[in-house]
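A look at the structure
Listed here are the chains, written in short residue letters.
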Amino acid sequence: MTAVEKNRELALGFASVLLEQLENGGEEEAGGTHAVRLEVRKGVTLKMTLVRLAYGLEKAHVFCGEDGHLLNYNELSDAFGRMFGVPLKNASRLKQELLGQEDPAAFFRKIVESIDRETDRRLGVKGGK
C-alpha cells in the first residue's frame, strides 16, 4: 500500500466516525462521554478545531501531497481552511495559542477513544472502553 493510499484510508476512517456521530446527533454515548465532532459553525471554535487537526496530523506524519512529500502544518491548515470555507490566514498565531494551552493533544485523545469505543462496539467486545 502506498503512502497516499494509506493516508486516504486513514482519512476515510476518521471521516466515517465523524459522520456516524453527526448522524447520531452527537448525543451522549453510554458511559457518559460525549461524541467528538468538528464544530460546523464558523468562528473561533471551528478555526481552533482545524488548527488542532492540522497540527496533530503534521506531528503524526500521515498526510502526503500528490508528489509524496509530507504535508507540513501550513499546508494542512490551508487545505482544511479551504475545505471548510474558513481561511486560516492567522494559522501561525492560532498554532501558538494551541501550544500555549494546558493540553494541546486532548482533541486527538478524544478521537482515539471514540474510534476505540466504536471498534469495540462493532466487534461486540463487552466492557469495552
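Heads up: these notes are all about the structure in this document. (Residues numbered from 1 in each chain as written. Predicted model: local features only at pLDDT ≥ 70, side-chain atom pairs only at ≥ 80, totals over all residues. Heavy atoms only, no water.)

Each helix and strand in the chain was counted, giving five helices and zero strands. The helix and strand sequence of the chain, counted from the amino end, reads α-α-α-α-α. When burial is assessed residue by residue, the chain has 30% of its 129 residues classed as buried. Surface exposure of the chain reaches about 8600 Å², of which carbon and sulfur atoms provide 55%. (Helix = DSSP H or I, 4+ residues; strand = E, 2+ residues; numbered from the N terminus. Buried < 20%, exposed > 50% of the residue type's maximum accessible area, 1.4 Å probe, protein only. Areas by Shrake-Rupley, 256 points an atom, 1.4 Å probe, with all protein chains shown as cover.)

Let's shift gears to helix 4 (residues 91-99). Every buried residue of helix 4 is listed here: Ala91, Leu94 and Leu98. Down the axis of helix 4, the sector holding all buried residues measures 60°, keeping them to one side. (Arc of directions from axis to C-beta.)

All right, on to the nonpolar core then. In this structure, Leu50, Leu57, Tyr73, Leu76, Phe80 and Leu88 are the most contacted members of the largest nonpolar core, which totals 20 residues. Elements represented by at least two residues in this core include exactly helix 2 (44-60), helix 3 (73-84), helix 4 and helix 5 (106-123). Among the elements that take part in this core, helix 2 stands out by supplying eight residues, more than any other. In this structure Leu76 touches Ala54, Leu57, Glu58, Phe63 and Leu71, once residues within four positions along its chain are discounted. (Core = buried A, V, L, I, M, F, W, Y, C linked by side-chain atoms within 4.5 Å. Contact = heavy atoms within 4.5 Å.)

So, about the pattern of salt bridges. Counted by the stated rule, this structure contains five salt bridges. Residue Glu118 pairs with Arg122 through a salt bridge whose shortest N-O separation is 2.4 Å. Of the two residues, Glu118 and Arg122 are both situated in helix 5; the distance of four residues between them amounts to about one turn of the helix. One network of salt bridges, with partners in common, ties together Glu118, Arg121 and Arg122. (Salt bridge = Lys/Arg side-chain N within 4 Å of Asp/Glu carboxyl O.)

Okay, the packing of aromatic side chains next. For the structure on display, the rule yields two aromatic pairs. Considering the side-chain rings of Tyr55 and Tyr73, the 6.5 Å spacing of their centres and the 70° angle between planes classify their relative orientation as edge-to-face. Of this pair, Tyr55 sits in helix 2 while Tyr73 sits in helix 3, and the two are 18 residues apart along the sequence. The pair formed by Tyr55 and Tyr73 is uniform in burial state, with each residue classed as buried. Centre to centre, the rings of Phe107 and Phe108 are 5.4 Å apart; their planes meet at 90°, and the pair counts as edge-to-face. (Phe/Tyr/Trp six-rings, centres within 6.5 Å; stacked < 30°, edge-to-face > 60°.)

With that out of the way, let us pick up unusual backbone geometry. What is expected of a backbone is that most residues other than glycine have negative phi and most peptide bonds are trans. Notably, His61 is not glycine yet its phi reads approximately 55°, a positive angle. The exposed category is assigned to His61, whose relative accessible area is 55%.

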